[in-house]
Amino acid sequence: MAGGVDGPARSGAAWAPVDACSLPTAERPLREAEFDALFATALRGVRRQAPTWLRLDLAAGEGTEAAVRDLLTRESSCCSFFDFQLTPAGDRLVLDVRVPPARVDVLDGLARRAAGSSA
């Protein structure tokens, strides 16, 4: 996925280098908007567990788990380096996002975007 990394406001910087994402350029803003909407409505916490591992805590509202799983499936199909694990935990969902060391910059961008949505 490509897009701004300074929160929902677009900065023009890419989350993922062009060669890392197979999502057509025209579709990238739509995918960014989906992540922005998820972060704006469900994000409750962001923690960097390790340089290659980000944990997002999400509120588990009605239909949220299915919507998140759908988004993650589609994101994995264009940026296959992402390793997403979504775990229900009571009234929340824990989303662990891992990347290989060569893609830490992409995870950094995702972390900044998530943190910016809660600012």
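Please read these numbers as outputs of a predicted model, since none were measured by experiment. (Residues numbered from 1 in each chain as written. Predicted model: local features only at pLDDT ≥ 70, side-chain atom pairs only at ≥ 80, totals over all residues. Heavy atoms only, no water.)

When helices and strands are tallied, the protein chain shows three helices and four strands. Scanning the protein chain from its N terminus toward the C terminus, one meets helices and strands in the order α-β-β-α-β-β-α. Counting over 119 residues, the protein chain shows a buried share of 43%. A separation threshold of at least 6 residues defines the contact pool for the protein chain, and within that pool the share at least 24 residues apart is 57%. Of the accessible surface of the protein chain, which amounts to about 5800 Å², a share of 55% is contributed by carbon and sulfur atoms. (Helix = DSSP H or I, 4+ residues; strand = E, 2+ residues; numbered from the N terminus. Buried < 20%, exposed > 50% of the residue type's maximum accessible area, 1.4 Å probe, protein only. Contact = heavy atoms within 4.5 Å. Areas by Shrake-Rupley, 256 points an atom, 1.4 Å probe, with all protein chains shown as cover.)

Along the chain, the position of G90 falls in the loop between β3 (83-89) and β4 (92-98). Look at G90 and you get exposed, because its relative accessible area is 76%. The spacing of G90 and A60 is 30 residues in sequence and 8.0 Å in space, taken between C-alpha atoms.

For the rest of this paragraph, the subject is the pairing of β4. Side-chain positions along a regular strand alternate between the two faces of the sheet. Along β4, five of the seven residues are buried, which leaves the element largely enclosed by surrounding structure. Relative to β4, strand β2 (residues 53-59) runs antiparallel, the two sharing seven bridges. Directly across from L54, in β4, lies its bridge partner V97. Pairing of β3 with β4, which is carried by seven bridges, proceeds in the antiparallel orientation. The residue of β4 that forms the bridge with L86 is L95. (Pairing = 2+ DSSP bridges.)

Evaluation of the coordinates by the stated rule reveals three aromatic pairs. With 5.9 Å between their ring centres and 55° between their planes, F35 and F39 make a pair best called tilted. You can see F35 and its partner F39 sitting in helix α1 (residues 28-42), four residues apart, about one turn around the helix. Like F35, the residue F39 is buried in the burial classification. An angle of 25° between the planes, with centres 4.9 Å apart, marks the rings of F82 and F84 as stacked. Connected via pairs of aromatic rings, a cluster forms that spans F81, F82 and F84. Stacked on the ring of W53, the Lys or Arg R98 has its end atom at 4.0 Å from the ring centre. One Lys or Arg, R103, reaches over the ring of F81 and ends 5.3 Å from the middle of that ring. (Phe/Tyr/Trp six-rings, centres within 6.5 Å; stacked < 30°, edge-to-face > 60°. Lys NZ or Arg CZ within 6 Å of the ring centre and 35° of its normal.)

Another aspect to go through is the nonpolar core. Counting 28 residues, the largest nonpolar core has F39, L58, F82, L95, V97 and L110 as the members making the most contacts within it. Contributing elements (two or more residues each) for this core: α1, β2, α2 (64-78), β3, β4 and α3 (104-117). Examining the composition of this core, we find that five residues originate from one element, α3, more than from any other. (Core = buried A, V, L, I, M, F, W, Y, C linked by side-chain atoms within 4.5 Å.)

Attention shifts here to the pattern of salt bridges. Using the criterion set out here, one finds 11 salt bridges in the structure. The partner of R48 in a salt bridge is D108, and the shortest N-O contact between them spans 2.7 Å. Placement of R48 in strand β1 (residues 43-50) and of D108 in helix α3 is noted, with a sequence separation of 60 residues between them. Residue D108 is classed as partly exposed on the basis of its relative accessible area of 26%. In this structure, D57 and R92 form a salt bridge, with 2.6 Å as the shortest nitrogen-oxygen distance. (Salt bridge = Lys/Arg side-chain N within 4 Å of Asp/Glu carboxyl O.)

That's the geometry; what it means functionally is another story.
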